[in-house]
Amino acid sequence: MPLTFDLDPETTPELLDSIRTLWADVSNAGGAVGFVPPVTTEDVRPELIKHLAAMAEGRTRLLVGRDEAGQVAATAFFTLNAHRLMRHWCWLYSVMVHPSHQGKGYGRELMAAAEKAARGMDGIHGIRLTCRGGTGVDRFYAGCGYQEVGRVPGAIKVADDDFRDDITMWLPLNPLPLNRLPLNPLPLN
């Protein structure tokens, strides 16, 4: 059964508790969403509060996917750029699908819903996101139409002896109104 998506839902205490639980569950299942397991919902609380503050200021928007029972199964946060030269694209952060729903195609549904939502945002021509190397999620994003446009080797430290690449991905949406060169990531030597 497909997910039902809601952009900018009312942030009720129940919704916020569900997001905190989702975030902790995804992190504890090995998801690369800003934490290293083990994680509790209390560990997640400060990060969620930062997102909520940005939402209250109009800088961040929340996309929620609910399963057939109405439970939060997926989320993603859009962050709009304040810099006047970068307002034509947005960031996508904390892209999560509950581990119990893995293998159902909900990740692709979430990415399609995020693309649709961004296309509906005035003046947005692209989505940029980063992901942690070594997880394979960069291949997932590539399958959703994103291009790798940058990589910083070893920029993410997940343990004392475990450094991962920070990978930047880009999804062009609407054609840019400017003539420009096509995106080609620089070769890594």
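As a reminder, the structure under discussion sits directly above these lines.
Cut-offs used in this document
- All residue numbers here refer to positions counted from 1 along the written sequence of the relevant chain.
- Given that the model is predicted, a residue must reach a pLDDT of at least 70 before its local features are reported, and side-chain atom pairs must reach 80 or more before they are shown or counted; all residues, however, enter totals for whole chains, interfaces and linings.
- Excluding hydrogens and water, the side-chain figures rest on all heavy atoms present in the structure.
- Elements are defined by DSSP. Helices are runs of H or I of four residues or more, strands are runs of E of two residues or more, and each kind is numbered from the N terminus.
- Expected helix span is given by 1.5 Å per residue-to-residue step, counting one fewer step than there are residues.
- Working definition: with a 1.4 Å probe on protein chains only, accessible area under 20% of the residue-type maximum means buried, over 50% means exposed, and in between means partly exposed.
- Arc definition: directions from the helix axis to the C-beta atoms.
- We call two residues in contact whenever any of their non-hydrogen atoms come within 4.5 Å of each other.
- For this analysis, a polar contact is any N or O atom pair within 3.5 Å, provided that within protein one partner can donate a hydrogen and the other can accept it, and provided that sequence-adjacent residues contribute only side-chain to side-chain pairs.
- We define a salt bridge as a side-chain nitrogen of Lys or Arg found within 4 Å of a carboxyl oxygen belonging to Asp or Glu.
- Nonpolar cores were defined as sets of buried Ala, Val, Leu, Ile, Met, Phe, Trp, Tyr and Cys residues, with membership established by side-chain atoms within 4.5 Å.
- Whether two strands pair depends on DSSP finding at least two bridges between them.

A. Looking closely at helix α3 (residues 106-119). With 14 residues, α3 should cover 20 Å at 1.5 Å per step; its first-to-last C-alpha distance of 20 Å lies within 8% of that length. Every buried residue belonging to α3 is among Y106, L110, M111, A113, A114, A117 and A118, and all of these are buried. In a view along the axis of α3, the buried residues occupy a sector of 160 degrees, so they form one face of it. Buried residues belonging to α3 abut β1 (4-7), β2 (60-66), β3 (72-80), β4 (89-97), β5 (126-132) and α4 (137-143).

B. Geometry of the environment of K104. When you line up the elements, K104 lands in the loop between β4 and α3. Taking the C-alpha atoms as reference points, K104 and P2, 102 residues apart in sequence, are found 8.8 Å from one another. There is a polar contact of 3.0 Å between the side chain of K104 and the side chain of H101.

C. Here's a closer look at the pattern of salt bridges. If you walk through the whole model with that rule in mind, you get twelve salt bridges. For R20, the salt bridge is made with D17, and the minimal N-O distance between the two is 3.2 Å. Here R20 and its partner D17 are both found in helix α1 (residues 13-28), three residues apart, which amounts to about one turn of the helix. Using a relative accessible area of 43% as the deciding quantity, one classes D17 as partly exposed. Notably, a salt bridge pairs D162 with R164, separated by 2.7 Å at the nearest N-O pair. A relative accessible area of 22% places R164 in the partly exposed class. Residues participating in the shared-partner salt-bridge network are D17, R20, E42 and R45.

D. Summary view of the nonpolar core. Residues F78, L92, M111, I127, Y141 and Y146 are the most contacted members of the largest nonpolar core, which totals 29 residues. Those elements giving two or more residues to this core turn out to be β3, β4, α3, β5 and β7 (162-172). It is α3 that contributes the most residues to this core, seven residues altogether. Of all hydrophobic cores here, the second largest spans 18 residues; its members include L16, W23, F35 and M55.

E. Here's a closer look at the pairing of strand β6 (residues 147-159). When β6 meets β7, the two strands line up antiparallel, connected through eight bridges. Looking across to β7, one finds that A159 is bridged to D162. Turn length for the β6-β7 hairpin, with the two strands adjacent in sequence and antiparallel, is two residues.

F. Quick peek at unusual backbone geometry. In this model, P37 is joined to P38 through a cis peptide bond whose omega is 5 degrees. Here P38 lies in the loop between α1 and α2 (41-56). The backbone of D8 shows a phi angle near 60 degrees, a positive value even though the residue is not glycine. Accessibility expressed as a relative area gives 39% for D8, which makes it partly exposed. At S94, a position not held by glycine, the phi torsion is positive, near 50 degrees. Along the polypeptide, S94 turns up in strand β4.

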